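Chain by chain, the residues run as shown.
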Amino acid sequence: MRFSFATLAGILPSVLAATRHFDLSIVNGVLAPDGFEREVILAGGTFPGPAFRVNKGDSVVIPTHNKLLNPLMRQSTSIHWHGFFQARTSDMDGPAFVTQCPIAPNKTFTYAFSTAGQTGNFWYHSHLSTQYCDGLRGVFVVYDPDDPLKHLYDVDDENTIITLADWYHDLAPAAQNTFFQSGVVPIPDSGLINGKGRFIGGPLVPYAVVNVERGKRYRLRIFAIACRPFFTFSIDNHNITFIEADGIEHDPTTVQNVDVYTAQRVSVILNANQPVGNYWIRAPPTGGAPAPAGNPNFDPTLTKAILRYRGARDVEPTTNNTVGPKLLDQQMHPIASEHPGMLGSGPPDVAITLNIAQPNPPFFDINGISYISPTVPVLLQLLSGAAQPQDLLPSEQIFILPKNKLIQVNIPGGGAHPFHLHGHAFDVILPSNDNVTNFVNPLRRDVYPINGGNTTFRFFSGNPGAWFLHCHIDWHLEAGLAIVFAESPADNIAGPQSQITPADWIGLCPEYDSLAADFQ
């Protein structure tokens, strides 16, 4: 069976779909999630931003008001709704200069799109430069009332959402400038779980608490809303059962810990079957040297939260971490209703090799070219009739994909770069550091780290649009580690998959282009 978006629509029932309205203000503020007070950029005035929670089939309408005014940080903005395929709404995907111009200060742009049958864990963040490292990040959950794995858990609500974040004491533009001058990628000052953490020598900020009741099973939805590191998630004295990666449910697999890379999301089942008490939730970040050799503030082991059983005292745990089995890529197989292996074992229609190099540190090249954002968004170029490589700017960094073809991408080498593909999920047929190709039931997700060997993934080009493929270490993206897929150029303009472009989207570029540089 060959995959297409029409096939997907046919196997996903539209159940009680609703249009949900949210109002989102992007504001400046001052926060101290790890005890160090700093200026920030926030969605809705909080970190993390407000959690969007909807049901399968729902559409959303989100007027987004740019109220930014701090000249030390970016004052324009754009929001990426990470993991949503955005069929016919590529213009709502959010990456600046790929699918839209940024929203100017004191302007409002309305993001409106359908979740289109997707379910699971998604998130949202600024997609302009490194702006989300200053705080503009939040989660987006789509619940499935008929979840095929619902029998495995008893509780799944706002209290079982867990965010893992890195946190920086320097403002992102300053940190980025230092990176470009020194070549040293910014190192976090702390790690946060549910918006709380500590740094060396800082105040003892109370850790976040996740409350459970003995005898119940909890679906923990874990979001790595980070700019750089990956997190190794575990809970002392408990195993966890993995069931979802990036909105795709997988066969249940019980492990002791799971690595969650920047921008990845997982769901795990926690069986609260231990004696009533307090247990450490641990998620030490890996990425950037901690003290004393690196950032003197950074101790990864301080990235903790508390699992508290009902009836336990209000004290910090004294438990220890006994390391057990880690979730492996080779154990991850989509559940039957996700049609594992649906892309088949035949040769691809289009094979693309992306070679990462760093001939001019700190900047990255892919196939000899470092990505630089165009001045006209790629999607707007497509809608203006650009259809050949020579028509697109910057042509060397944009790959045209023919419609309804099997696309195969391989990225040799390592570097732990978590690559994210917009507009699609992909099947990882050859995981990093593996030599066995799996066409039968390969893992499927939208972010995967390039950790060595000849990592290879496949997807089907059935979703016209302009889709970013990039390293989700935001500092690396800003240093050029990205390309753009221009998918089915003509189908963006006319036909049943053509893009829906509202008037306020058309107006974004003239508004942004008229700004003085300080306000961009």
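Nothing here was measured: the structure is a model prediction, and the numbers come from that model. (Residues numbered from 1 in each chain as written. Predicted model: local features only at pLDDT ≥ 70, side-chain atom pairs only at ≥ 80, totals over all residues. Heavy atoms only, no water.)

**Side note on the overall build of the chain**
Okay, step 1: The number of helices and strands found in the chain is six helices and 33 strands.
Okay, step 2: Taken over C-alpha atoms, the radius of gyration comes to 22 Å for the chain, in line with the 24 Å a tight globule of 520 residues would show.
Okay, step 3: Once the C-alpha set of the chain is aligned to its principal axes, its extents read approximately 65 × 50 × 45 Å.
Okay, step 4: For the chain, the share of sequence-separated contacts (at least 6 apart) that also reach a separation of at least 24 residues comes to 78%.
Okay, step 5: Accessible area for the chain stands at about 18,800 Å²; split by element, carbon and sulfur atoms hold 54% of it.
Okay, step 6: In the chain, 31 positive and 45 negative side-chain charges are present, and the distance between their average locations comes to 7 Å. (Helix = DSSP H or I, 4+ residues; strand = E, 2+ residues; numbered from the N terminus. Rg over C-alpha atoms; globule rule 2.2 N^0.38 Å. Contact = heavy atoms within 4.5 Å. Areas by Shrake-Rupley, 256 points an atom, 1.4 Å probe, with all protein chains shown as cover. Lys, Arg positive; Asp, Glu negative; His and termini not counted. Charge placed at Lys NZ, Arg CZ, Asp CG, Glu CD.)

**A short note on the state of the cysteines**
Okay, step 1: Applying the stated criterion across every chain yields a total of two disulfides.
Okay, step 2: In the chain, numbering the disulfide-bonded cysteines from first to last in sequence yields the connectivity 1-4, 2-3.
Okay, step 3: Between Cys471, a cysteine without a disulfide, and Cys227, which holds the nearest cysteine sulfur, the sulfur-to-sulfur distance is 11 Å. (Disulfide = S-S within 2.5 Å.)

**Points about the pairing of strand β24 (residues 363-366)**
Okay, step 1: Of the strand pairs in this sheet, strand β23 (residues 356-360) and β24 are connected by three bridges, and their pairing is antiparallel. What sits directly across from Ile356, in β24, is Ile366.
Okay, step 2: In sequence, β23 turns back onto β24 through a hairpin of two residues. (Pairing = 2+ DSSP bridges.)

**Re the sheet that holds strand β10 (residues 161-167)**
Okay, step 1: A sheet is described by the order of its strands in space; here six strands give the open sequence β11-β10-β13-β18-β15-β16, paired in mixed fashion. Both edges of this open sheet fall to β11 (190-193) and β16 (248-255), since each of them pairs with a single strand only. Neighbour-to-neighbour, the strand axes of the sheet open up by a mean angle of 20°, direction not taken into account.
Okay, step 2: Where β10 and β11 come together, four bridges link them in antiparallel fashion. Bridging across to β11, Asp166 finds its partner in Gly191. (Axes fitted to C-alpha atoms, helices over the stretch in contact; angles between N-to-C directions.)

**Re unusual backbone geometry**
Okay, step 1: Residue Pro48 is bonded to the preceding Phe47 through a cis peptide linkage, with omega at -15°.
Okay, step 2: The residue Pro48 is located in the loop between β3 (38-43) and β4 (52-55) in this model.
Okay, step 3: In this structure, the amide linkage connecting Pro361 to the following residue, Pro362, adopts the cis form with an omega of 10°.
Okay, step 4: With respect to the element layout, Pro362 can be found in the loop between β23 and β24.
Okay, step 5: In the Ramachandran plot, Phe97 falls in the positive-phi region, its phi being about 70° despite a non-glycine side chain.
Okay, step 6: Position of Phe97 among the secondary structure elements: in the loop between β6 (79-82) and β7 (108-114).

**A word on the pattern of salt bridges**
Okay, step 1: Tallied over the entire structure, the rule returns 20 salt bridges.
Okay, step 2: The partner of Lys216 in a salt bridge is Glu213, and the shortest N-O contact between them spans 3.4 Å.
Okay, step 3: Members of the salt-bridge network, linked through shared partners, are Asp147, Arg219, Glu244 and Glu249. (Salt bridge = Lys/Arg side-chain N within 4 Å of Asp/Glu carboxyl O.)

**Some remarks on the side chain of Arg444**
Okay, step 1: Of note, Arg444 is situated in strand β29 (residues 444-445).
Okay, step 2: The buried category is assigned to Arg444, whose relative accessible area is 4%.
Okay, step 3: At a separation of 3.1 Å, a polar atom in the side chain of Arg444 contacts the main-chain carbonyl oxygen of His339.
Okay, step 4: Once you skip the residues sitting within four places of it in the chain, Arg444 turns out to touch Ala245, Ile248, His250, Pro334, Glu338, His339, Pro340, Gly341, Met342, Ala425, Phe426 and Asp427. (Buried < 20%, exposed > 50% of the residue type's maximum accessible area, 1.4 Å probe, protein only. Polar contact = N/O pair within 3.5 Å; in protein donor to acceptor, adjacent residues only side chain to side chain.)

**A closer look at the pairing of strand β15 (residues 240-245)**
Okay, step 1: The element β15 is extensively covered by neighbouring structure, given that six of its six residues are classed as buried.
Okay, step 2: Pairing of β15 with strand β18 (residues 265-271) involves five bridges; the strand directions are antiparallel. Bridge assignment links Thr241 to a residue of β18, and that residue is Ile269.
Okay, step 3: With five bridges connecting them, β15 and β16 associate as antiparallel partners. Bridging from a neighbouring strand, Ala245 pairs with Ile248 of β16.
Okay, step 4: The turn linking β15 back onto β16 is made up of two residues, and Asp246 within it adopts a positive phi angle of 55°.

**Some thoughts on the confidence of the model for the chain**
Okay, step 1: In the predicted model, the chain carries a mean pLDDT of 96, and 97% of its residues have values of at least 70.
Okay, step 2: Note that residues 1-14 has pLDDT below 50 and, in this model, 26 contacts with residues that lie over four places away or in other chains. (pLDDT = per-residue confidence, 0-100.)

**Quick look at the nonpolar core**
Okay, step 1: In terms of nonpolar packing, the biggest core is built from 83 residues, with Phe233 and Trp475 touching the most fellow members.
Okay, step 2: When residues no more than four places from it in sequence are discounted, the contact partners of Phe233 are Ile162, Leu164, Leu220, Ile222, Ile240, Gln256, Asn257, Val258, Ile281, Arg282 and Ala283.
Okay, step 3: In this structure, Tyr111, Phe122, Leu136 and Leu379 belong to the second largest nonpolar core, which totals 47 residues. (Core = buried A, V, L, I, M, F, W, Y, C linked by side-chain atoms within 4.5 Å.)

**Structural notes on the sheet that holds strand β26 (residues 406-412)**
Okay, step 1: Pairing is mixed in the open sheet, where five strands are placed in the order β22-β26-β31-β28-β29. For this open sheet the edge positions go to β22 (350-353) and β29, each flanked by a neighbour on one side alone.
Okay, step 2: Where strand β28 (residues 426-430) and β29 come together, two bridges link them in antiparallel fashion. Directly across from Phe426, in β29, lies its bridge partner Arg445.

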